[in-house]
Amino acid sequence: MITESTATHIHWFRQDLRLEDNPSLVAAARAGRVLPVYILDDENAGNFRMGGASRWWLRRSLSALNASLGGTLNFYRGDAGEILDELCQRFGVQEVHWTRCYEPWRIARDTAIKKALTAAGISARSHAGALLFEPWSISKNSGGYYQIFSPFYKKLRAQDAPDEPVSKPALDGLLVEDPQALALDALELAPRVAWDTGLCARWEPGEASALDRLAAMVDAQFEDYAEGRDFPARDSVSRLSPHLHFGEVSPRQIWQATEPLEADPQVEAFRRQLCWREFSYSLLFHVPELPTENFRKSFDAFAWKNDPTQLARWQQGRTGFPLVDAGMRELWETGTMHNRVRMIAASFLVKNLQIDWRLGAAWFWDCLVDADLANNSASWQWVAGSGTDAAPYFRIFNPTSQAKKYDPDGRYIRRFIPELKSLPNKYLFNPCSAPESVLEAANVRLGKTYPRPMVDLKQSRQQALDAYQLTR
DNA sequence: CAGATTTTGGA
DNA sequence: CCAAAATCT
């Protein structure tokens, strides 16, 4: 029974936009009413404020969460510390709970907030919930953090299983609405011009949809995941990454859901990918400059070309290499790119065009619905060869042979590059090699309807290797 | 989570 | 002779 004297506690939603397996929400609901809060804090995010695609996702995810809270979610915009402070005073809040985030700017902000709230006599408590294990908990026996995935993974698997998910708390009658809160639309997350058609067609943000995706993968027993995940035309990947990023589903829920199938190599392969996420978070936690600085300092001497015209062609998917272009257009149209193609498109930018990985990472940050600082930074550095556990520099993807290998029937390429759809497979991966008569029959006019290759693969590869040699 | 080149071994 | 496998980069 709720009485006048019942205390009000805040659960501050951030990247945990779910009701299930939310220990922070459970803690807030344990001892009183709950003021559920979301704050769009662009002020503290600096250069890492969410990009356009992420905002699109966020708006829909918040809308779904608000609905599942009976429309009681309270929205704010601005400096989180100031807003929480004001709310605490106005509602006489005794406890503030949140799920930990690990972006360096959030750690700095949250640490300051915890300090200020504590000084004001308010209990501020952060809870684990975004990862299987806290990023400081998996460390080498000799101390220090892992820089290589394989031993990290081995150590992780040697741990006791992650904590079990917790059930959603009973919130009936406990939720508090703030009449002064903003409407969701006041966060201005929606696109101003309608560029989001492709995103709407591809995605359904929200906890219910995330759990549906997970259930569908479990029902299908992750069939063809291990091999199929490398083939962008197949439907073998989970597409859980944006749901995971926004915390609509937790990694612990995924771990538990896959437990009965853990002996299956397909499931093992999937769990391994989930652990790459853990690895990236561990790296970001221990190396907060990971998003902006070469992990390997010798890379600071690398001679980037950073040609803005070439960067624009890559961004627009007009490089003349069909698989790269298909990937870049998938990204633009749908807010995602298949993982295999991400590696190929990123390698092309960094190696064949010699454009700084940070420019590529910035583009992905703006375009991806699953833009995640840990994953994005660690993965770009991995591809660039500047990171921990880096790909050896001589490993330069050949976009043509990768296309033949991983999109052999050209289904993925044709899907995103319709102007090449009538070109026979024999020439699809290298339109320039097609005889004039074939091009004409397929209605392809090189340099007009589809660009010629913007670089020579062999030459640009050698240039990258030479530039790399100069840094050593 | 390679590519290029050389070597090998089976038609 | 060619393609798979081994080997360097």
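Residues numbered from 1 in each chain as written. Chains lettered and ligands numbered in written order. Predicted model: local features only at pLDDT ≥ 70, side-chain atom pairs only at ≥ 80, totals over all residues. Heavy atoms only, no water.

In the nomenclature of an unreviewed UniProt entry, chain A is known as Deoxyribodipyrimidine photo-lyase of Bradymonas sediminis. According to UniProt, the comment filed for chain A under the heading Catalytic activity (unreviewed entry) is "cyclobutadipyrimidine (in DNA) = 2 pyrimidine residues (in DNA)." In UniProt, chain A has this text filed under Sequence similarities (unreviewed entry): "Belongs to the DNA photolyase family." (UniProt positions renumbered as here; feature names shortened; annotations may be inferred.)

Turning our attention to the UniProt feature "site: Electron transfer via tryptophanyl radical" (unreviewed entry) in chain A. On the UniProt side, "site: Electron transfer via tryptophanyl radical" (unreviewed entry) is annotated at positions that read W304, W357 and W380 here. On the basis of relative accessibility, which here comes to 18%, the residue W304 falls in the buried class. W304 has contacts with F299, V350, Q354, I355, D356, W357 and R358, leaving out every residue within four places of it along the chain. Looking at the element boundaries, W357 is found in helix α16 (residues 357-367). Contact partners of W357, with chain neighbours within four places excluded, come to L290, P291, T292, E293, N294, W304, V350, W380, Q381, A384 and S386. (Buried < 20%, exposed > 50% of the residue type's maximum accessible area, 1.4 Å probe, protein only. Contact = heavy atoms within 4.5 Å. Helix = DSSP H or I, 4+ residues; strand = E, 2+ residues; numbered from the N terminus.)

Attention shifts here to the pairing of strand β4 (residues 95-99). When you tally the buried positions in β4, you get 4 out of 5 residues, the bulk of the element. Sheet analysis places strand β1 (residues 8-13) next to β4, joined by 4 bridges and oriented parallel. Residue pairing for β4: H11 is matched across the bridge by H97. Relative to strand β5 (residues 123-127), β4 runs parallel, the two being bridged by 5 bridges. Looking across to β5, one finds that E95 is bridged to S123. On the question of chirality, the crossover connecting β4 to the parallel β5 by way of helix α5 (residues 104-119) is right-handed. (Pairing = 2+ DSSP bridges. Right-handed = clockwise from strand over helix to strand, strands pointing away.)

What follows is about the protein's contact with DNA strand B. Near DNA strand B, the surroundings consist of W276, M343, W382, F394, R395, I396, F397, N398, S401, Q402 and R461. Expressed as a percentage, the sugar and phosphate content of the atoms of DNA strand B within 4 Å of the protein is 68%. Between DNA strand B and Q402 there is a distance of 3.4 Å, counted from a sugar or linking oxygen to a side-chain nitrogen or oxygen. When the residues that make up the surface near DNA strand B are grouped by side-chain class, the tally is 6 nonpolar, 3 polar and 2 charged. (Near = heavy atom within 4 Å. Polar contact = N/O pair within 3.5 Å; in protein donor to acceptor, adjacent residues only side chain to side chain. Nonpolar A, V, L, I, M, F, W, Y, C, P; charged D, E, K, R; others polar.)

Now for the packing of helix α11 (residues 251-258) against helix α12 (residues 265-286). Contact pair α11 / α12: the axes reach a minimum separation of 11 Å and the direction vectors enclose 165°. Classified by the angle their axes make, α11 and α12 are roughly antiparallel. Relative to α12, the crossing made by α11 is left-handed. Contacts between α11 and α12 pair P251, I254, W255 and T258 from the former with V267, F270, R271, L274, C275, R277 and E278 from the latter. Its residues assigned to classes, the contact of α11 with α12 shows 7 nonpolar, 1 polar and 3 charged. (Axes fitted to C-alpha atoms, helices over the stretch in contact; angles between N-to-C directions. Parallel < 35°, antiparallel > 145°, perpendicular 65-115°, else oblique. Left-handed = near helix turned anticlockwise from the far one by under 90°.)

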